[in-house]
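Here is what each chain is made of, one letter per residue.
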Amino acid sequence: RKDDQDWQPLPPQLKARFAAFLPGAIDIFKTWPYLDGEKEPAHEFVKRFLAQPQGYSWSLDFSGSLFCELAYEGFLSTSNEIQVSRDLLLQMLLPWNDPTRNTLDCRDMHISRQVKKRARRYKMTVDAAYDDVMLGCIRMHGEAWLFRGLRWLLRGLFKDGYRGKRSDIHVGVHSFELWDEDGHLVAGDLGYTVGGVYTSMTGFRLQGTKCAGQVQLVLTASLLHKMGYDWWDLGMVMTYKRRLGAHVVKRDEFVSRLHKDRDKLVYCKHDEINGQDLLRHLLDVQAGRSQPAD
């Protein structure tokens, strides 16, 4: 799986066969709503999804346009893989929007003493090493939910952007990179922007790098704020996110806030920047001394 470029989605006939077969073979696919992106647009699917209690849905459509249109409606799409025969590993997209979610206002990010002490040793970049960050995530976490089909989809979006029919959607796939004093990539984050909101999908840090993960999170929050993003969608509710300053919000509250900010024009671009400068920016923001964007 070193090279995912040759992966291809299922042809229409095979996709239709598996869409009919799986609910009878695996109980969970009877419960989770199924999305055929060629027959049901994301803005219609979301009405059906929100009328039921499940957090997950499933689809066999690995379309970059569908991913972006789902993100615009508040879905964070992960993936899964099922071995259906000796020769076929079936990939499926899992659009997700739990009843609760973690969000973080950038100005609320907790900054520990260790981060304040170590930030000056690092630099941050945006979109400078997307594939390396993805590889770092897989080395740290395994494939988990970042299977070959989703990697293929995300790399396509990173390269080409959204190419769907809707001119009102501003969704982009991005990476944030933390570099040490010797120029080594030591931590990073993969995610995407929807208008004025950044959603984190996954991240990594190198083993043996003390506090690099914490530094990367704090400096990413600062860089997001510096570029004009006010808040950060951290996805699934987890204890460590609360320690960062994140809040738990209900799904309807999350969707409502996303709708207010999803049409903002914010550009996720920035030159390489020193960690000390980013730390100073965030401390100034928290003290009420700084404006959001450059």
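Residues numbered from 1 in each chain as written. Predicted model: local features only at pLDDT ≥ 70, side-chain atom pairs only at ≥ 80, totals over all residues. Heavy atoms only, no water.

K.L.:
Which parts of the structure should I look at to understand the nonpolar core?
P.N.:
Looking at soluble globular proteins, one finds that nonpolar side chains tend to be buried together. In this structure, Phe 67, Leu 150, Leu 154 and Tyr 192 are the most contacted members of the largest nonpolar core, which totals 36 residues. Secondary structure elements with two or more residues in this core: α4 (64-72), β4 (89-96), α6 (130-141), α7 (148-160), β7 (171-179), β8 (185-194), β9 (197-205) and α10 (251-261). Every residue in contact with Tyr 192, bar those within four places of it in the chain, is listed here: Phe 67, Ala 71, Phe 75, Leu 76, Val 171, Gly 172, Val 173, His 174, Val 197, Tyr 198, Thr 199 and Met 201. Within the second largest apolar cluster, 34 residues are counted, among which are Cys 106, Phe 176, Val 218 and Tyr 229. (Core = buried A, V, L, I, M, F, W, Y, C linked by side-chain atoms within 4.5 Å. Buried < 20%, exposed > 50% of the residue type's maximum accessible area, 1.4 Å probe, protein only. Helix = DSSP H or I, 4+ residues; strand = E, 2+ residues; numbered from the N terminus. Contact = heavy atoms within 4.5 Å.)

K.L.:
For this particular structure, what's the right way to read the state of the cysteines?
P.N.:
Two cysteines form a disulfide when their sulfur atoms are joined by a covalent bond. For the structure shown, the criterion picks out zero disulfides. The closest cysteine sulfur to the non-disulfide-bonded Cys 211 is located on Cys 137, 19 Å from its own sulfur. For Cys 211, a relative accessible area of 15% puts it in the buried group. For Cys 268, which is in no disulfide, the shortest distance to another cysteine sulfur is to Cys 106 and amounts to 11 Å. (Disulfide = S-S within 2.5 Å.)

K.L.:
Please clarify how a nonpolar patch on the surface should be interpreted in this entry.
P.N.:
The grouping of Met 236, Met 238 and Tyr 240 at the surface amounts to a nonpolar patch, some 280 Å² of accessible area in total. For Met 238, a relative accessible area of 40% corresponds to the partly exposed category. (Patch = residues over 30% accessible without salt bridge, like charges linked within 9 Å, V, L, I, M, F, W, Y side chains within 5 Å. Areas by Shrake-Rupley, 256 points an atom, 1.4 Å probe, with all protein chains shown as cover. Salt bridge = Lys/Arg side-chain N within 4 Å of Asp/Glu carboxyl O.)

K.L.:
Where do I start with the sheet that holds β8 in this structure?
P.N.:
In any sheet, the strands associate via hydrogen bonds between backbone groups, in a parallel or an antiparallel arrangement. Taken in spatial order, the eight strands of this open sheet run β11-β5-β10-β9-β8-β7-β6-β12, and their pairing is mixed. The open sheet terminates on both sides in strands that have one partner only, identified here as β11 (247-250) and β12 (273-274). When β8 meets β9, the two strands line up antiparallel, connected through eight bridges. Paired with Gly 191 across the strands is Ser 200, a residue of β9. (Pairing = 2+ DSSP bridges.)

K.L.:
I keep staring at the packing of aromatic side chains and nothing clicks. Help me out?
P.N.:
What describes a pair of aromatic rings is the distance from one ring centre to the other and the angle between the planes of the rings. In the structure shown here, the tally under the stated rule is 14 aromatic pairs. Look at Phe 29 and Trp 32: their rings are 6.0 Å apart centre to centre, the planes differ by 85°, and that puts the pair in the edge-to-face class. You can call Phe 29 buried: its relative accessible area is 5%. You can call Trp 32 buried: its relative accessible area is 17%. Plain terms: the ring middles of Phe 176 and Tyr 198 are 5.1 Å apart, the flat faces sit at 75° to each other, and that makes the pair edge-to-face. (Phe/Tyr/Trp six-rings, centres within 6.5 Å; stacked < 30°, edge-to-face > 60°.)

K.L.:
Would you mind going over unusual backbone geometry with me for this structure?
P.N.:
Note: most residues except glycine have negative phi, and most peptide bonds are trans. Not every positive phi belongs to a glycine, and Asp 127 is a case in point at roughly 60°. Structurally, the position occupied by Asp 127 is in the loop between β6 (123-126) and α6. Not every positive phi belongs to a glycine, and Cys 211 is a case in point at roughly 70°.

K.L.:
What's the story with the pairing of strand β3 (residues 76-83) in this structure? I'm lost.
P.N.:
Two faces make up the sheet, and in a regular strand the side chains alternate between them. Across eight bridges, β3 lies against β4 in antiparallel orientation. Residue pairing for β4: Ser 79 is matched across the bridge by Leu 93. From the end of β3 to the start of β4, which pair antiparallel, there are five residues.

K.L.:
For this particular structure, what's the right way to read the packing of helix α8 (residues 212-227) against helix α11 (residues 275-286)?
P.N.:
To describe two helices that pack against each other, one gives the angle between their axes and the distance between the axes. Two numbers describe how α8 lies on α11: the axes approach to 9 Å, and their chain directions differ by 70°. In this view, α8 runs roughly perpendicular relative to α11, as classed from their interaxial angle. For the pair α8 and α11, the crossing hand works out as left-handed. Residues Val 218, Leu 219, Ser 222, Leu 223, His 225 and Lys 226 of α8 form the contact with α11, whose own contacting residues are Gly 275, Leu 278, Leu 279, His 281, Leu 282 and Val 285. Per-class residue counts for the contact of α8 with α11 are seven nonpolar, four polar and one charged. (Axes fitted to C-alpha atoms, helices over the stretch in contact; angles between N-to-C directions. Parallel < 35°, antiparallel > 145°, perpendicular 65-115°, else oblique. Left-handed = near helix turned anticlockwise from the far one by under 90°. Nonpolar A, V, L, I, M, F, W, Y, C, P; charged D, E, K, R; others polar.)

K.L.:
What am I meant to see in α10 here?
P.N.:
Structural remark: α-helix, 3.6 residues per turn; residues separated by three or four positions point the same way. Within the span of α10, buried status applies to Arg 251, Phe 254, Val 255, Leu 258 and Asp 261. The buried residues of α10 occupy an angular sector of 130° when projected down its axis, which confines them to one face. Projecting away from the buried face of α10 at angles above 90 degrees are the exposed residues Asp 252 and Lys 260. (Arc of directions from axis to C-beta.)

K.L.:
What am I meant to see in the pattern of salt bridges here?
P.N.:
Any two side chains of opposite charge can pair, on the condition that their charged atoms come close. Counting across every chain of the model gives 19 salt bridges. Among the ionic pairs, Asp 233 bridges to Arg 101, the shortest N-O distance being 2.8 Å. With a gap of 132 residues between them, Asp 233 in strand β10 (residues 231-235) and Arg 101 in strand β5 (residues 100-105) connect regions that are remote in the sequence. Pair check on accessibility: Asp 233 and Arg 101 agree, each one buried. Residues Asp 168 and Arg 166 are paired through a salt bridge, measuring 2.9 Å at the closest nitrogen-oxygen approach. Taking relative accessible area as the criterion, Asp 168 reaches 32% and is therefore assigned partly exposed. Where salt bridges share partners, they join Asp 4, Asp 131, Glu 143, Arg 148, Arg 151 and Arg 155 into one cluster.

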